[in-house]
Amino acid sequence: MKWKIKGLEINNQVLVAPMAGVTNIAYRSILKEFGAGLICTEMISDKGLLYENNKTKDMIEISEFEKPISLQLFGSDVETITKAAVYIDENSQCDVIDINMGCPVNKVIKTGAGSKLMTTPLLAYDMVKSIVDKVKKPVTVKIRSGFTHKDKNAVEFAKLMEKAGANMIAVHGRTRSDMYTGKADLDIIKAVKEAVTVPVVGNGDIRTPEDAKYMLDYTGCDAVMIGRGVLGNPFLIKQIVDYLETGEYEQEISLETRKSYIIKHLDRLIELKGEKVAVLEMRSHGAWYIKGLKGASKVKNKIVLAKTVNEIIKIINDYFDSLK
């Protein structure tokens, strides 16, 4: 089902969440192959961008085949995040500018950014309003249900973000104090959807096509956003798209398909970051791709110790040959 963020048409209801060390262009290109309606970059520091950090600037580079794509900013200062948003608006080919108000990690929280902004709603309002007033691209916000269970303020916070001009709100149904434990609260996503008129996207605990459909049906949200569920499992994107559109999906992913995408992902990481960094990052990705397969834990240990691309390729080839 097609829907819109401001004037931007999104072809389906399956979005991919921004994830540090994961949603770089190497993996985004794979996720796009499987039909993600909208993908998001890794979160980018406003100050890193303004201080002309080359690594940060590289992160705003977008390829045509990734579109539509959202670029996520984080920060806690109205002036700097607005300047960064204007820079992106003028210099990046992204389609949407997203403001991170949901990240739970300490190094982001201690700067006043991420989900910490849910404890300073007026500051968050000023940030979004300032950005909306100065950029042409749609502006969206990603939040949590609250900072702690004692102050689940997602509904009032979302209403404030809509008032500031946000064109879409994504809600992770956990508090910051939950981190990634426990279960996502679908009722809070439902309540946010009922409280605002802009599109609302539900996020949290989507591991299967059935999970996605249940969230859509239960909360009434406009789309779902998948994070950890696609780690080593880009196939989930197509499964969900197919299930939502036809009621059916390919249940088993062949060993050959899994193996080919591990190698494809590795190749794209090499092209993007060079062999040394690609090997380091593939230690995590490789383990995610084979999770749940027979003997995966032993192979995971081998991948973690691999030091060269050839080592990883041999480990993968030998492992999949043993599974046939």
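These numbers come from a predicted model, not from an experiment.

1. A short note on the overall build of the chain
The number of helices and strands found in the chain is 14 helices and 11 strands. At 19 Å, the chain has a C-alpha radius of gyration in line with the 20 Å of a compact globule built from 324 residues. Principal-axis analysis of the C-alpha atoms places the extent of the chain at approximately 55 × 45 × 35 Å. When the 324 residues of the chain are sorted by exposure, 55% land in the buried category. Counting only contacts in the chain whose residues sit at least 6 apart along the sequence, the fraction spanning at least 24 positions is 68%. Accessible surface computed for the chain: about 14,600 Å², of which carbon and sulfur atoms make up 51%. Looking at charge distribution, the chain has the averaged site of its 47 positive side-chain charges lying 5 Å from that of its 42 negative ones.

2. A closer look at helix H12 (residues 275–290)
Between its terminal C-alpha atoms H12 stretches 21 Å, which fits the 22 Å expected from 16 residues at 1.5 Å a residue. Among the residues of H12, Ala278, Val279, Glu281, Met282, His285, Gly286, Ala287, Tyr289 and Ile290 are the ones counted as buried. Contact partners of the buried residues in H12: helix H1 (25–33), helix H10 (235–246), helix H11 (255–273), helix H13 (296–305) and helix H14 (309–323). Just beyond H12, the residue with positive phi is Gly292, at close to 95°.

3. Comments concerning the pattern of salt bridges
By the definition in use, this model includes 17 salt bridges. The closest approach of N and O atoms between Arg28 and Glu66, which form a salt bridge, is 2.3 Å. In this pair, Arg28 is assigned in helix H1 and Glu66 in the loop between helix H3 (54–58) and strand S6 (69–74), connecting sequence segments 38 residues apart. Like Arg28, the residue Glu66 is buried in the burial classification.

4. Focus on the packing of helix H6 (residues 121–134) against helix H7 (residues 154–164)
Where H6 contacts H7, the axes come no closer than 8 Å and their chain directions differ by 25°. Relative to H7, the element H6 lies roughly parallel. For H6 against H7, the interelement crossing comes out right-handed. Residues Pro121, Leu122, Ala124, Tyr125, Val128, Lys129 and Val132 of H6 form the contact with H7, whose own contacting residues are Phe157, Leu160, Met161, Lys163 and Ala164. Classifying every residue of the contact of H6 with H7 by side-chain character gives 10 nonpolar, no polar and two charged.

5. Some words on the state of the cysteines
The full count for this structure, using the stated rule, is zero disulfides. Cysteine Cys94 is unpaired, with the sulfur of Cys40 as its nearest cysteine sulfur at 9.1 Å. Not part of a disulfide, Cys103 finds its nearest cysteine sulfur in Cys40, a span of 12 Å. Of the residues examined, Cys103 reaches a relative accessible area of 11% and is grouped as buried.

6. Re empty space enclosed by the protein
With the rule as written, the count across this model stands at one cavity of 30 Å³ or more. A volume near 70 Å³ is recorded for the largest cavity. Around the largest cavity, the lining residues are Leu15, Val16, Pro18, Leu38, Ile39, Cys40, Ser70, Val96, Asp98, Thr140, Met168 and Met225. At the level of elements, strand S3 (14–16), strand S4 (39–40) and strand S7 (96–101) are the ones that each hand at least two residues to the lining of the largest cavity. Here the residues of the lining of the largest cavity sort into nine nonpolar, two polar and one charged.

The rules we used
Residues numbered from 1 in each chain as written. Predicted model: local features only at pLDDT ≥ 70, side-chain atom pairs only at ≥ 80, totals over all residues. Heavy atoms only, no water. Helix = DSSP H or I, 4+ residues; strand = E, 2+ residues; numbered from the N terminus. Rg over C-alpha atoms; globule rule 2.2 N^0.38 Å. Buried < 20%, exposed > 50% of the residue type's maximum accessible area, 1.4 Å probe, protein only. Contact = heavy atoms within 4.5 Å. Areas by Shrake-Rupley, 256 points an atom, 1.4 Å probe, with all protein chains shown as cover. Lys, Arg positive; Asp, Glu negative; His and termini not counted. Charge placed at Lys NZ, Arg CZ, Asp CG, Glu CD. Expected span 1.5 Å × (residues − 1). Salt bridge = Lys/Arg side-chain N within 4 Å of Asp/Glu carboxyl O. Axes fitted to C-alpha atoms, helices over the stretch in contact; angles between N-to-C directions. Parallel < 35°, antiparallel > 145°, perpendicular 65-115°, else oblique. Left-handed = near helix turned anticlockwise from the far one by under 90°. Nonpolar A, V, L, I, M, F, W, Y, C, P; charged D, E, K, R; others polar. Disulfide = S-S within 2.5 Å. 1 Å grid on protein atoms, 1.4 Å probe; cavity = no way out; pocket = protein on both sides within 12 Å on 5 of 7 lines; lining within 4 Å. Points joined across faces, edges and corners; volume = space filled by probe spheres on them.

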